[in-house]
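# Residue-level structure breakdown
Residue strings, one per chain:
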Amino acid sequence: MDTSNKRLIQRLMSRIPIKMLRTTLGKWGRLTEVQLKSMNLTQSKWALTEKLIAICEENELEVKHLTELEMIYIIDNPNQGMWHTFQLMDPEDDAQSVELTQFKEQFKSHIRELVRQVSVKMKKHTDEAVWIRIAWGDAFSRPNHLKPTYVVHHLQTPYVFVTSLTAKQKPLLSQALVLSTRHQAIKDANLSGRKLTAIRDLMMRQYQQVFPTKYPSPLTEHNPTVSNPHIGREQAEPAANRLQMACEAFGGGMLPQLQSAVYKLETKFRDQTNKTMTEREEPFKCVVKFASTNLLESLRNCASSGIASTPVTPLLSSIPLKGRNYFVITDNGPGPSSKTDQPQN
Amino acid sequence: MSVLNPFSKLPGLNTANILLVESEEQFQQSLADALVEETAATVNVRLAKSLPLPLENEEDRPRIDLVAFIINLTSELSFQSAEASLKFLDPGYFLGKVCFMVTNARNTAVPTERLDAVRKLAASLHCPLLFAEDQTPDGVTNATERLLSILKVAAGLVPMTTALYLSSLTRCTVPPDIDQPSFD
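All residue numbers refer to position in the chain's written sequence, counted from 1. Here every chain gets a letter starting at A, and every ligand a number starting at 1, in the order they are written. Only residues with pLDDT of 70 or above have their local features reported here, since the model is predicted, and side-chain atom pairs are shown and tallied only from 80 upward, although totals for entire chains, interfaces and linings are computed over all residues.

## Some thoughts on the overall build of chain A
- Strands here are runs of E lasting at least two residues and helices are runs of H or I lasting at least four, both read from the DSSP assignment and numbered beginning at the N terminus. A count of helical and extended segments in chain A gives 12 helices and 11 strands.
- The C-alpha extent of chain A, read off along each of the three principal axes, is 75 × 60 × 45 Å.
- The exposure label follows from counting other C-beta atoms within 10 Å of a residue's C-beta, where the C-beta atoms are placed from the backbone and the thresholds are 20 or more for buried and 12 or fewer for exposed, leaving partly exposed in between. Expressed as a percentage of the 345 residues in chain A, the buried residues total 26%.
- For chain A, long-range pairs separated by at least 24 residues make up 69% of all intrachain contacts whose partners lie at least 6 apart in sequence. We call two residues in contact whenever the C-beta atoms placed from their backbones are within 7 Å.

Here it is in structure tokens:
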């Protein structure tokens, strides 16, 4: 076993927490029952790594087996690193009929045409997602397995989620994806987050949505009603209204955990008291960033508690509506208050 | 515009009614839950985000004996909302039937000017100013006890004393040197 494989094992072992080690190795299935039992989990990480290297040498496991182990771990714990979303555009007629084996072959052949030294591994997860692990190399070096790119794609949907992709590799991946999924273009969907499940749910609208109704539904189950007859709410109706509005804008129940939303402002500075800035011709550039452990939850709470005005401003409500968290805001025409957000492609 | 009046309705027998006004509607709920536990008298709690109160509740609203404004010092909005709500109270309330309760006063992020502003407000209206801890159950119990003792007097449940008499003893006073820079 060469040093690069040893380093791969070391890297893997340092990432996998001790408690998850046994289940992950069990799922991997490359170790015999006896070998699995011989891994004493009370030992230090270092000792365990040495042990695993020895076992791998004994079983004559190669890089492709090790990458399998990495994929198993990453699929089970996808909430690491930053996930970016891309959207496939203009499907061709046969885009709906792309199936897994065809996609696999096409993707591999397309990407090998572009880069000679590349190692691609695909796996279909139980939730219908296709996981692709790509280790990139270039003309002079072998694929670097220490910095792989992970791509998650649900077949027959236009969404692709990617993590740790460099600018150099982006056009290569884009081309391979577009060709193998039978689409014509791909664009950045401007949505990124640390939780893959959250951005997937947001993109595919897999969260509880609330729709405006003329007859307010019984909100009792998610509105803590006053049980005690001695406690009376004076403004119960406006509060319920605000909650309804906030839920309409951001969704009800558990919301996808988004970490941040960025607004890049390229609008003119408007303030009557500050003449020098207002009269400047060029736009005033600044970036507004909202950050939270669960941004949508915070925004919904702001709206329902009355800190933010309701109905919710389209700037905030377009985060779940359009499924993106990066906006560029530019002046739209000469009107004084015509701030609109324009899709940036 | 409806102004809340302290004597427009008849009092109930052995009943005390308190109105908690808080723009954030966080602390008032836990306070209300603790207040209604009182057994010596029937305590009715009304919760509001701000004044004026909606007209449609006018009928079933009991006579309010004490109005407590809860101000979260970490939020400027909370103070402004309380200040704006004061206009919708009958002057009769300021004879001992209003008190201010401040939370988060020990938070280091709070600018000292805001606390001074609240103290000045309370002093100018001759109202008591209470400090409370809203995060711990003990803090809620303490705040409840303090409110209850004022409420009982304001509702006339304590013999030999009146709200006006109590307020002349408990009202907030501003130290004369509050506007001078401190040397710390």
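## Brief notes about the domain arrangement of chain A
- Each assigned domain of chain A is listed here: domain 1 (3-76), domain 2 (83-202) and domain 3 (238-342).
- Boundaries of every domain are those given by an automatic assignment or by a domain database. For domain 1 of chain A versus domain 3 of chain A, the separation of C-alpha centres amounts to 47 Å.

## Examining the environment of A:D2
- Counting through the fold element by element, A:D2 comes out in the segment before helix 1 (3-15).
- Residue classification places A:D2 among the exposed positions, given that 7 C-beta atoms sit within 10 Å.

## Things to note about helix 11 (residues 295-304) of chain A
Residue and element names in this part refer to chain A.
- For helix 11, the complete set of buried residues consists of L295, L296, L299, R300, A303 and S304. In an axial view of helix 11, the angular spread of the buried residues amounts to 160°, which keeps them on one side of the axis.
- At its buried positions, helix 11 is contacted by helix 9 (236-250), strand 8 (260-267), strand 9 (284-291) and helix 12 (314-322).
- Just past helix 11, the residue G306 takes up positive phi, approximately 90°. The arc in question is traced by the directions running from the helix axis to the C-beta atoms.

## As for the interface of chain A and chain B
- Taken residue by residue, the interface counts 10 residues in chain A and 15 residues in chain B.
- Here, a strand pair is defined by DSSP locating no fewer than two bridges between the strands. Examined bridge by bridge, strand 7 (residues 231-233) of chain A and strand 2 (residues 42-48) of chain B share three bridges and lie parallel to one another. Its bridge partner being in strand 2 of chain B, A:G232 is matched across the sheet by B:R46.

## Regarding the sheet that holds strand 7 of chain A
- Read from one edge of the open sheet, six strands run 7(A)-2(B)-1(B)-3(B)-4(B)-5(B), paired in parallel fashion. One side of each edge strand has no neighbouring strand; the edge strands of this open sheet are strand 7 of chain A together with strand 5 (129-132) of chain B. Strand-to-strand twist in this sheet, taken as the mean axis angle between neighbours without regard to direction, amounts to 25°.
- Bridge analysis of strand 4 (residues 98-103) of chain B against strand 5 of chain B gives four bridges, and the strand direction is parallel. Where helices are involved, their axes are fitted lines through C-alpha atoms of the stretch in contact, as for all axes, and angles between N-to-C directions lie from 0 to 180°.

## With respect to the nonpolar core
- One finds A:V151, A:V160, A:F161, A:I199, A:A246, A:F250 and A:L296 to be the most contacted residues of the largest nonpolar core, which totals 55 residues.
- Not counting the four nearest positions on each side in its chain, A:V151 is found in contact with A:I132, A:I134, A:V160, A:V162 and A:L173. Take the buried Ala, Val, Leu, Ile, Met, Phe, Trp, Tyr and Cys residues, join any whose C-beta atoms are within 7 Å, and the set you get is a nonpolar core.

## As for the pairing of strand 4 of chain B
All names here are of chain B.
- Most of strand 4 sits out of view: six of its six residues are buried.
- Burial of strand 4 is two-sided: the residues V98, F100 and V102 facing one way and the residues C99, M101 and T103 facing the other way are all buried.
- Pairing of strand 3 (residues 66-72) with strand 4 involves six bridges; the strand directions are parallel. Note that in strand 4 the partner of I71 across the bridge is V102.
- Handedness of the crossover joining strand 4 and strand 5 through helix 3 (residues 112-124): right-handed. When the strands point away from the viewer and the connection leading from the first strand across the helix to the second strand turns clockwise, the crossover is called right-handed.

## Considering the packing of helix 1 of chain A against helix 4 (residues 45-59) of chain A
All names here are of chain A.
- The N-to-C vectors of helix 1 and helix 4 enclose an angle of 135°; their axes lie 10 Å apart at closest approach. When the interaxial angle is binned, helix 1 and helix 4 end up oblique. For the element pair helix 1 and helix 4, the recorded crossing hand is right-handed. Of helix 4, the residues touching helix 1 (which contributes K6, I9, Q10, M13 and S14) are K45, L48, T49, L52, I53 and C56.
- For the contact of helix 1 with helix 4, the residue count by class is six nonpolar, three polar and two charged. Should an angle lie under 35 degrees it is considered roughly parallel, over 145 roughly antiparallel, and from 65 to 115 roughly perpendicular; all remaining angles are considered oblique. Crossing handedness is defined as follows: a turn of the near helix away from the far one that is anticlockwise and smaller than a right angle gives a left-handed crossing, while the clockwise case is right-handed. Under the convention adopted here, Pro, Cys and the residues Ala, Val, Leu, Ile, Met, Phe, Trp and Tyr are nonpolar, Asp, Glu, Lys and Arg are charged, and Gly plus all remaining residues are polar.

## A look at the environment of A:P17
Residue and element names in this part refer to chain A.
- By the secondary structure assignment, P17 is in the loop between helix 1 and helix 2 (18-28).
- Residue P17 is classed as exposed on the basis of its C-beta count, with 11 C-beta atoms lying within 10 Å.
- Separated by 135 residues in the primary sequence, P17 and V152 have C-alpha atoms spaced 23 Å apart.

## Observations concerning the sheet that holds strand 4 (residues 149-154) of chain A
Residues and elements named next belong to chain A.
- Pairing is antiparallel across the open sheet formed by six strands, whose spatial order is 2-3-4-5-1-6. Pairing within the sheet leaves two strands with one partner each, and these edge strands are strand 2 (118-124) and strand 6 (183-193). Averaged over all adjacent pairs, the angle separating strand axes in this sheet is 20°, with direction ignored.
- Packing against the sheet, helix 6 (residues 100-114) makes contact with strand 2 and strand 3 (129-136), and its axis sits at approximately 165° to strand 2.

## Regarding helix 4 (residues 137-154) of chain B
Residues and elements named next belong to chain B.
- Spanning 18 residues, helix 4 covers 25 Å between terminal C-alpha atoms, matching the ideal 26 Å at 1.5 Å per step.
- Those residues of helix 4 lying buried are A143, T144, L147, L148, I150, L151, K152, V153 and A154.
- The elements touched by buried residues of helix 4 are strand 1 (15-21), helix 1 (27-35), strand 3, strand 4, strand 5 and helix 5 (163-170). Take the number of residues in a helix, subtract one, and multiply by 1.5 Å to get its expected span.

## Points about the packing of helix 9 of chain A against helix 11 of chain A
All names here are of chain A.
- For the pair helix 9 and helix 11, interaxial distance at closest approach is 8 Å and the crossing angle is 150°. Judged by the angle between their axes, helix 9 and helix 11 are roughly antiparallel. Viewed along their axes, helix 9 and helix 11 form a crossing whose handedness is right-handed. Across the interface between the two elements, R242, L243, M245, A246, C247, A249 and F250 of helix 9 pack against L296, L299, R300, A303 and S304 of helix 11.
- Considering only residue class, the contact of helix 9 with helix 11 consists of nine nonpolar, one polar and two charged.

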